[in-house]
Amino acid sequence: MSLSRNTRRLVGQGLLSVFVAQLTAVATLMGADRLRRLLRGRKVPDLPPAEPVSHPISDGSVATTYTYGEVLFDDMLAAIEGAKHRILLETYIIKGDAVGQRFKQALIDAAYRGVDVYVIYDQFANLVVKRSFLTFPSAVNVLVYPVISSWKFLSPRHLGRDHRKILVVDDHVAYVGGYNIGSAYATEWRDTHLRIEGPAVWDLDNAFVDFWNTHPRRDTPMLDQMPSAGWRPAIRAHRNVPRQLMYPIRGMYLEAIDRAHESIDITAAYFIPDRDILSALLDARRRGVRVRIIVPKISNHVVTDWLSRGFYGRLLRAGVEIHRYGDHMVHAKTATIDGEWTTIGTANIDRLSLLGNYEINLEILDPGLARGMQEVFADDCARCEQLTLEEWMARPALARIYEAILRPLGPLL
Ligand SMILES: O=P(O)(O)OC[C@H](O)CO
């Protein structure tokens, strides 16, 4: 049955009005956010430093959690400076500031002393970084994951960004987590990274090698895979590989949430759950599981914040606790369930990460590490304001209108 011309015109006008309303909402929010930043001034006070904490894991690995960037960056740089054979560094963002410069120099120095150095960064994420900074001498092998990676760029196999943050040194020690490389991340952003020594280094090494070898360039060599560490790891990596339409991190979250019987503690930089993740969390609440989510009160992406807020009403009504992190950006991508299961990685809980980008999350079954992460969560909660349902229901009508206008954009991000 075909629609009449009048109906088609009305539908067209309706869609156009929604689009214009969304555009206006995005523009006003971004304008207001810019103004807020200008008034606040540039410098955010530093976070209190926190030391890394090491946990022995049952398979013989040692997993060390980092929650303060400066300490993490010092350790990563020390590992690069001590490298003897091979360095694999993959980052979504590398800023051309003091911290970025230290990394660049350490990588160049390593290459000049004979270490094989391989670097991957995402071109789109670094469009604002000076080209001269991103130019390395030929001794350093660099793969820039391009803004458009194929002429079939609209295919989901080629749309995602390389959002991973990995460092592997001498096939012996590996780092992974939420931290990009840059000065603000060192002291102003609350994030979480993990250092691994043990069998799981293979997973991170292999993830890098696969990415490198499936994006070959004429001027860079193919990489050898390190020998597999076996079949019984306590730490497993889950890799999203858009090129293979493989997105296991979403499945990992759904399975773990479904299994929860006591507690779910999620720290999410950008929290825009899809329908299945949202229902899994609400189901967990119905089973009596305590569900807590830490999100930034105001993140660096104002539109994402507003999309995230569109879920607060349902979550709060179900008894999910929402804790909004104080004055700093919380950028971690972590979860701990039942004091047994932990994930730390690069994937946000949004469509871009769970069904779009190259990502990597470790899944760790270890009560000691889980306890450590619960302590980190408790410390973070102490810096948060808990949002109550009453407060949320009392928000201004204009805020509800913005949420409603922006809601259809959720599946895009
Ligand atoms: O994409 P993420 O999670 O690494 O976050 C990056 C920041 O949003 C940079 O704008």
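Novice: Looking at this model, I keep getting lost on the overall build of the protein chain. Mind explaining?
Specialist: What the protein chain contains, in helices and strands, is 14 helices and 16 strands. Burial analysis of the protein chain (413 residues in total) assigns 54% to the buried set. Of the contacts formed within the protein chain by residues at least 6 apart in sequence, a portion of 77% connects residues at least 24 apart. Accessible surface for the protein chain amounts to roughly 19500 Å². Of this, 57% is attributable to carbon and sulfur atoms. Looking at charge distribution, the protein chain has the averaged site of its 50 positive side-chain charges lying 10 Å from that of its 47 negative ones.

Novice: How do you make sense of the sheet that holds strand β12 (residues 321-325) when you look at a structure like this?
Specialist: Within a sheet, each strand pairs with its neighbour through backbone hydrogen bonds, oriented either parallel or antiparallel. Strand order in the open sheet formed by eight strands is β9-β15-β14-β13-β10-β11-β12-β16, with mixed pairing between adjacent strands. The sheet is open, and its two borders are formed by β9 (235-240) and β16 (384-387), each paired with just one other strand. Going across the sheet, the axis of each strand differs from the next one's by a mean of 15 degrees, ignoring polarity. Pairing analysis gives five bridges linking strand β10 (residues 263-268) to strand β13 (residues 333-337), with the strands arranged antiparallel. Residue pairing in the sheet places T267 in a bridge with T334 of β13.

Novice: Hey, could you run me through the site of the ligand in this one?
Specialist: In the vicinity of the ligand, the contacting residues are Y92, I93, H163, K165, N180, Y270, N300, H301, H331, K333 and N348. At 2.8 Å, a side-chain N or O of K165 approaches an oxygen atom of the ligand. At 3.1 Å, a side-chain N or O of N348 approaches an oxygen atom of the ligand. Here the ligand, which alone exposes 300 Å², has 85% of that area covered by the protein. Mapped onto the domain boundaries, the shell around the ligand takes at least three residues apiece from domain 1 (53-232) and domain 2 (243-412).

Novice: Teacher, can you tell me more about the pairing of strand β15 (residues 359-365) here?
Specialist: In the case of a regular strand, side chains alternate between the two sheet surfaces. A large share of β15 lies buried, amounting to six of its seven residues. Pairing of β9 with β15, which is carried by six bridges, proceeds in the antiparallel orientation. Looking at β15, one finds that R236 is bridged to E363. Relative to β15, strand β14 (residues 341-345) is paired through five bridges, and the arrangement is antiparallel. Counterpart to T342 in the pairing with β15 is I364.

Novice: Is there a simple way to think about the packing of aromatic side chains in this case?
Specialist: Given two aromatic rings, their pairing is described by the distance between the two centres and the angle made by the two planes. In the structure shown here, the tally under the stated rule is 12 aromatic pairs. For the pair Y66 and Y175, a centre-to-centre distance of 6.1 Å together with 45 degrees between the ring planes defines the contact as tilted. Pair noted here: Y66 is in strand β2 (residues 62-66) and Y175 is in strand β7 (residues 173-177), with a separation of 109 residues, a long-range link. Here Y66 matches Y175 in class, with each residue buried. Between the aromatic rings of F73 and Y179, the centroid separation amounts to 5.8 Å while the plane-to-plane angle is 75 degrees, which identifies the pairing as edge-to-face.

Novice: It is not clear to me how the side chain of S308 should be interpreted in this structure. Could you clarify?
Specialist: One can find S308 in helix α9 (residues 302-309). According to the relative accessible area criterion, S308 is buried, its value standing at 4%. For S308, the residues in contact, after removing those within four places along its chain, are F271 and I272.

Novice: Can you help me understand the domain arrangement of the protein chain in this one?
Specialist: You'll often see interface size given as the accessible area lost when the parts meet. Domains assigned within the protein chain are domain 1 (53-232) and domain 2 (243-412). The C-alpha-based centres of domain 1 and domain 2 are spaced at 26 Å. If you look at the interface, domain 1 gives 35 residues, while domain 2 gives 32 residues. Taken over both partners, the interface formed by domain 1 and domain 2 buries close to 2700 Å², and the fraction arising from carbon and sulfur atoms is 65%. Our count for the domain 1 to domain 2 interface comes out at one salt bridge. Here R190 makes a salt bridge to D380, at a shortest N to O gap of 2.8 Å. Our enumeration of links across domain 1 and domain 2 arrives at 14 residue pairs in polar contact (both at pLDDT 80 or more).

Procedures and definitions
- Residues numbered from 1 in each chain as written.
- Predicted model: local features only at pLDDT ≥ 70, side-chain atom pairs only at ≥ 80, totals over all residues.
- Heavy atoms only, no water.
- Helix = DSSP H or I, 4+ residues; strand = E, 2+ residues; numbered from the N terminus.
- Buried < 20%, exposed > 50% of the residue type's maximum accessible area, 1.4 Å probe, protein only.
- Contact = heavy atoms within 4.5 Å.
- Areas by Shrake-Rupley, 256 points an atom, 1.4 Å probe, with all protein chains shown as cover.
- Lys, Arg positive; Asp, Glu negative; His and termini not counted.
- Charge placed at Lys NZ, Arg CZ, Asp CG, Glu CD.
- Pairing = 2+ DSSP bridges.
- Axes fitted to C-alpha atoms, helices over the stretch in contact; angles between N-to-C directions.
- Near = heavy atom within 4 Å.
- Polar contact = N/O pair within 3.5 Å; in protein donor to acceptor, adjacent residues only side chain to side chain.
- Domains from an automatic or database assignment.
- Phe/Tyr/Trp six-rings, centres within 6.5 Å; stacked < 30°, edge-to-face > 60°.
- Buried area = accessible area lost by both parts, 1.4 Å probe.
- Salt bridge = Lys/Arg side-chain N within 4 Å of Asp/Glu carboxyl O.

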